[in-house]
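Notes for the structure review
Chain residues, written in single-letter form:
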2 protein chains.
Amino acid sequence: MKNLTEMLKGVLEGVVLQKIQTGETYGYEITRYLNELGFDDIVEGTVYTILVRIEKKGLVEVEKKKSELGPARKFYTLNAKGKQELNDFWLRWSFLEKKMNEIKEQRDV
Amino acid sequence: MKNLTEMLKGVLEGVVLQKIQTGETYGYEITRYLNELGFDDIVEGTVYTILVRIEKKGLVEVEKKKSELGPARKFYTLNAKGKQELNDFWLRWSFLEKKMNEIKEQRDV
DNA sequence: TTTCACTACCTCGTAATACTATATAGTATT
DNA sequence: AATACTATATAGTATTACGAGGTAGTGAAA
């Protein structure tokens with residue numbers, strides 16, 4: 001999907017938090033997940049930026065583990081604050097989704 | 001709704017375009033509309049920057065008309081390019097909404 | 001053994017966008 | 001005269017995703 005960049009602002013971080021909550025994961029894997037999901041244009045740089053940010057915000061715990069395939073991986077897990085933030089994120093999303101549907105209905109009026 | 005700012009990026013412009021398509025309107029009225037809809041924190045400055053932007057992009061026609069209540073109003077209407085852009089906007093939104101629902105379903109898995 | 005592919009992380013600079021704050025001005029009411 | 005409401009405008013700021021590049025480990029092919 002083209003021109004999605006601006007629409008992803010304020011959304012992508014929540015998606016990453018959700019992915020982490022679903023199960024311990026790391027940057028490279030998150031990028032692959034997003035690409036497979038259909039967010040083709042999301043590159044590693046974008047994901048790492050988000051990971052640095054959520055770590056600075058204190059939303060995650062980080063653990064470095066060796067990989068058999070390459071360099072060590074940095075695994076992320078949500079802490080209490082991260083779970084709270086994820087919950088708030090979905091509340092924001094639901095609000096927006098509801099409002100957008102109200103607006104959308106005027107489309108063919 | 002708090003902390004909605006980032007999530008509105010890439011969305012608000014589309015909402016404004018939709019409002020204009022629904023019927024000839026102007027900045028002050030658009031701001032009131034958004035506030036009534038539940039986007040309480042959106043102020044006039046935000047709307048006017050969007051209006052300047054979509055005019056520069058050539059998505060709208062502008063007509064100045066006198067008002068009985070105050071200074072003259074600048075009325076906006078969508079042109080062909082604006083209608084195309086609005087259509088593209090809803091396609092982007094639908095894509096994102098669909099993907100977000102897929103992601104959201106993992107929440108309680 | 002060296003070259004390539006894949007895995008994996010990191011960071012600087014840029015563009016786009018919403019918001020803050022402030023200014024200007026017309027009309028009506030008190 | 002002062003206030004409230006209507007109405008437009010813009011310069012500066014913060015946040016965010018992205019582009020472009022760099023570093024490094026492992027294993028397979030050349």
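Everything below is about the structure shown above.
Structure report, in brief.

About the thresholds
Residues numbered from 1 in each chain as written. Chains lettered and ligands numbered in written order. Predicted model: local features only at pLDDT ≥ 70, side-chain atom pairs only at ≥ 80, totals over all residues. Heavy atoms only, no water. Helix = DSSP H or I, 4+ residues; strand = E, 2+ residues; numbered from the N terminus. Contact = heavy atoms within 4.5 Å. Areas by Shrake-Rupley, 256 points an atom, 1.4 Å probe, with all protein chains shown as cover. Least-squares fit on C-alpha atoms with pLDDT ≥ 70 in both.

With that out of the way, let us pick up the overall build of chain A. When you go through chain A residue by residue, the secondary structure sums to five helices and two strands. If one aligns the C-alpha atoms of chain A with their principal axes, the spans along those axes are about 60 × 30 × 20 Å. In chain A, once contacts between residues fewer than 6 apart in sequence are set aside, the share between residues at least 24 apart is 50%. In the structure as shown, chain A presents an accessible area of about 6,100 Å², 49% of it carried by carbon and sulfur atoms.

Next up on the list: the relation of the copies chain B and chain A. At an RMSD of 0.1 Å, chain B and chain A line up after a rotation of 180° and a shift of 0.0 Å along the axis. Both copies are brought into coincidence by an operation consistent with a two-fold rotation axis. Rotation axis and chain B: the residue whose C-alpha lies nearest the axis is B:Lys9, separated from it by 3.1 Å. By residue overlap, the copies meet face to face through one surface: 100% of the interface positions of chain B are interface positions in chain A.

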